[in-house]
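Residues per chain are reported as follows:
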Amino acid sequence: GNSVTQMEGPVTLSEEAFLTINCTYTATGYPSLFWYVQYPGEGLQLLLKATKADDKGSNKGFEATYRKETTSFHLEKGSVQVSDSAVYFCALSDGGATNKLIFGTGTLLAVQP
Amino acid sequence: EAGVAQSPRYKIIEKRQSVAFWCNPISGHATLYWYQQILGQGPKLLIQFQNNGVVDDSQLPKDRFSAERLKGVDSTLKIQPAKLEDSAVYLCASSLAGSSSYEQYFGPGTRLTVT
């Protein structure tokens, strides 16, 4: 079945460091791919998405490129801030009869000043 | 625009007791989802409604979990009787429609602790 694997955390970085959180997926067909973020005490929010191969999703300085050949959707940011501290979830939707999201286990990012 | 509302935010019960969670989606959203998020895991879909009809409940433990969405707006999720392994955050989400073109908006969740 469809699944998402993302790197385990926590990831601890200093402010202005470069961020990469790895995400790979297994799916039949052509899924849509998402990154969600959960800030402390808040609900899940969509950060960015990509719906087809080679698409790049971007938002708030974060980027991820849909790589079909490597079945990956790695999240990157060039310079993290303390306010980026949160849990990040990679997810896919297979676009079938339902819009069910299948999530990875989440990666906790802690940015230190 | 008001977001997805859930209540209560926290609930502690003993095993074998019953509990119910309530969700009010964003106005006009036809599709409503309930997810279960166990500590250290990503959310897992329990049930999806399109208006007041069930689209997918394949991962809902139907011997103890039930959900309804009367009139296609608010929804309740019930657990009866609860087990220790039901301790989790229960997330409600809604979207305009059921295709992946439409973003799912999540509520703050209800944290359930079963002792």
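Look above for the structure.
Residues numbered from 1 in each chain as written. Chains lettered and ligands numbered in written order. Predicted model: local features only at pLDDT ≥ 70, side-chain atom pairs only at ≥ 80, totals over all residues. Heavy atoms only, no water.

Chemist: Summarise the sheet that holds strand β3 (residues 19-21) of chain A; cite the residues concerned and give the values.
Modeler: Residue and element names in this part refer to chain A. Read from one edge of the open sheet, four strands run β3-β9-β8-β7, paired in antiparallel fashion. At either margin of the open sheet sits one strand with a lone partner, and together these are β3 and β7 (56-59). Sheet twist, expressed as the mean angle between neighbouring strand axes with direction ignored, is 15 degrees. Note: β3 against strand β9 (residues 75-77), three bridges, orientation antiparallel. Paired with Thr20 across the bridge in β9 is Glu76. (Pairing = 2+ DSSP bridges. Helix = DSSP H or I, 4+ residues; strand = E, 2+ residues; numbered from the N terminus. Axes fitted to C-alpha atoms, helices over the stretch in contact; angles between N-to-C directions.)

Chemist: Can you break down the sheet that holds strand β7 (residues 65-68) of chain B residue by residue, with the values?
Modeler: In a beta sheet, neighbouring strands pair by backbone hydrogen bonds and run either parallel or antiparallel. All names here are of chain B. Across the sheet, which stays open at both edges, the four strands sit in the order β1-β3-β8-β7 with antiparallel pairing between neighbours. Two strands bound the open sheet, and with one partner strand each, they are β1 (5-7) and β7. Taken over all neighbouring pairs, the strand axes of this sheet differ in orientation by 15 degrees on average, direction set aside. Where β7 meets strand β8 (residues 75-79), four bridges bridge the pair, whose relative direction is antiparallel. Note on β8: the bridge partner recorded for Ser66 is Lys78.

Chemist: Run through the interface of chain B and chain A, naming residues and quoting values.
Modeler: Taken together, the 26 residues of chain B in the interface contact 20 residues of chain A. Between chain B and chain A the total buried area reaches about 1600 Å² when both faces are included, carbon and sulfur atoms providing 51% of it. On inspection of chain B and its partner chain A, the count reaches one salt bridge. There are two residue pairs in polar contact (both at pLDDT 80 or more) connecting chain B and chain A. Secondary structure elements with two or more residues in the side of chain B that touches chain A: β4 (31-37), β5 (44-50), β6 (53-56) and β9 (88-95) of chain B. Top contributing element to the side of chain B that touches chain A by residue count: β4(B), with three residues. Here the side of chain B that touches chain A is composed, by residue class, of ten nonpolar, 13 polar and three charged. (Contact = heavy atoms within 4.5 Å. Buried area = accessible area lost by both parts, 1.4 Å probe. Salt bridge = Lys/Arg side-chain N within 4 Å of Asp/Glu carboxyl O. Polar contact = N/O pair within 3.5 Å; in protein donor to acceptor, adjacent residues only side chain to side chain. Nonpolar A, V, L, I, M, F, W, Y, C, P; charged D, E, K, R; others polar.)

Chemist: Got a sec to walk through the packing of aromatic side chains? Specific residues and values, please.
Modeler: Two measures describe an aromatic ring pair: the distance that separates the ring centres and the angle between the ring planes. One pass over the full model with this rule turns up twelve aromatic pairs over all chains. Taking 6.2 Å as the distance between ring centres and 75 degrees as the angle between the ring planes, the aromatic pair formed by Phe103(A) and Phe106(B) counts as edge-to-face. Here Phe103(A) is found in strand β11 (residues 101-103), whereas its partner Phe106(B) is found in strand β10 (residues 105-106) on a different chain. As far as the burial class goes, Phe103(A) and Phe106(B) line up, both buried. Relative to Phe106(B), the ring of Tyr35(B) lies with its centre 5.5 Å away and its plane at 45 degrees, an arrangement referred to as tilted. Taken together, the residues Tyr35(B) in strand β4 and Phe106(B) in strand β10 connect sequence positions 71 residues apart. Given the relative accessible area of 0%, Tyr35(B) is considered buried. (Phe/Tyr/Trp six-rings, centres within 6.5 Å; stacked < 30°, edge-to-face > 60°. Buried < 20%, exposed > 50% of the residue type's maximum accessible area, 1.4 Å probe, protein only.)

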